Every structure is written in C-alpha cells, then in structure tokens.
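Residue-level structure breakdown
Now for the letters of each chain:
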Amino acid sequence: MIMRDIDRALVQAATAVAKLRCRSDNHTLAAAVRTPDGRVFSGVNVYHFTGGPCAEVVAIGAAATAGAGELEAIVAVGDRGRGVIPPCGRCRQVLLDYFPSIKVIVGPPDGLRAVPVADLLPETYVWSDHQVEVPAVPRTGVWPMPVVPGSRQSAED
C-alpha cells in the first residue's frame, strides 16, 4: 500500500517522540497512533524485566484516556535512529483484537508502507467470544457413532 502524507506525518510524530523521550534503557521505542478525525496520540515503551508495556499499547491507552474510539493507523519508531520497528506478536494480537481495520506502518526507510494488521498476523488466534456463531445442531441425546471405512455395523447399532 502506498504511503500517504498523513502516514508520513505519523512516522514523523513517532520519530520526534523517540528523539525527545527515548533516552534511557527504560524507554527505547515510541509509537504514534491516529484517529479517523486526524488526532494523534503517542506513547513510549516502559521496559521492565517482567514485560512492561510496549509503546504501541501505551499509545493506545493514551488515545483511550482522551476518549478516542476507533484508530486508523499506528507506527513504532526505535531510539538512536533505528527507524520504524514492526510490532511484536503481542501487540499485533492486541491491535487485531481491538482495531481489526487498523493499518500498521512497517518497512525500511525507503519502502515504508501502511498494511492492514491482519496481514501481519495471518491465521490469528480468535477468542471464543469473538468467533462467529455456529448454527446449533439438534441434540438427540445419543452420541453419533463414527463411521470407520471397511467396518460393518453391529447388531447393537
């Protein structure tokens, strides 16, 4: 997908936060997220040996705190000029669960692109409460017996 000017601006916003706030081992990534109406929220990771929150999750929390609902794009940028960093697996799952239509900016500096989060997490886990309803099968009270090829039914079947 082609990068739009508003996507480039989102990368610039995350880059500015990384330069300003990522100056220690506790904060090494910055993220910026955009709402459909153009508001931008940012956050930095909180490194901790117990698995502190990633910058993407902090940015989502900042947006939620400000009352933002839907989010349309997100990007994470590393400290020390590392550029755009793709989200970790946990963040990909969080993004897909909460914002299934969000675009994630990924790629090298000369090939950045905004892709649907589902493209980054194919064959995703789906929580049981998010699964499509399966039509109920009438219950007869009798377990169906599997049919084994080459077998014959017994008199009790």
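Higher on the page you've got the structure.
Reading the values: the criteria
Residues numbered from 1 in each chain as written. Predicted model: local features only at pLDDT ≥ 70, side-chain atom pairs only at ≥ 80, totals over all residues. Heavy atoms only, no water. Buried < 20%, exposed > 50% of the residue type's maximum accessible area, 1.4 Å probe, protein only. Helix = DSSP H or I, 4+ residues; strand = E, 2+ residues; numbered from the N terminus. Pairing = 2+ DSSP bridges. Contact = heavy atoms within 4.5 Å. Core = buried A, V, L, I, M, F, W, Y, C linked by side-chain atoms within 4.5 Å. Salt bridge = Lys/Arg side-chain N within 4 Å of Asp/Glu carboxyl O.

Counting buried residues along strand β3 (residues 73–78), six of its six residues qualify, which places the element largely inside the surrounding structure. Residue alternation in β3 divides its side chains into two sets, Ala 73, Val 75 and Val 77 and Ile 74, Ala 76 and Gly 78, and both sets are buried. Across six bridges, the pairing between strand β1 (residues 29–34) and β3 is antiparallel. Bridge pairing in β3 places Ala 30 opposite Val 77. Where β3 lies against strand β5 (residues 103–106), two bridges are found, and the strand directions are parallel. Counterpart to Ala 73 in the pairing with β5 is Lys 103. Bridge count between β3 and strand β4 (residues 83–84): two bridges; the pairing is antiparallel. For Gly 78, the partnering residue across the bridge sits in β4 and is Gly 83.

What follows concerns helix α3 (residues 89–98). The set of residues buried in α3 consists of Cys 91, Arg 92, Gln 93, Leu 95 and Leu 96. Buried residues along α3 sit in contact with α2 (55–65), β3, β5 and α4 (117–120).

Right, let's talk about the pairing of strand β6 (residues 113–116) for a bit. In the sheet, β5 pairs with β6 via four bridges, with the strands oriented antiparallel. Within the sheet, the bridge partner assigned to Val 104 lies in β6 and is Val 115. In textbook terms, the turn of a hairpin is the stretch between consecutive antiparallel strands, and for β5 and β6 this stretch comprises six residues, one of which, Gly 107, has a positive phi near 115 degrees.

Grouped together as the largest cluster of nonpolar side chains are 22 residues, with contacts concentrated most on Val 33, Leu 71, Leu 95, Ile 102 and Val 104. Going through the elements one at a time, β1, α2, β3, α3, β5 and α4 are the ones with two or more residues in this core. In terms of residue count, the dominant contributor to this core is α2 (four residues). Discounting residues that sit within four places of it in the chain, Leu 71 has contacts with Val 33, Arg 34, Thr 35, Pro 36, Ile 60, Ala 63, Phe 99 and Ile 102. Cys 22, Ala 32, Val 77 and Ala 114 belong to the second-largest nonpolar core, a separate cluster that totals 16 residues.

In a structure, side chains of opposite charge can pair up when their charged atoms sit close to one another. Counted according to the given criterion, the structure contains seven salt bridges. When the shortest N-O distance is used, the salt bridge between Asp 79 and Arg 80 registers 3.5 Å. A relative accessible area of 5% means that Asp 79 is categorised as buried. By relative accessible area, Arg 80 is classed as exposed at 70%.

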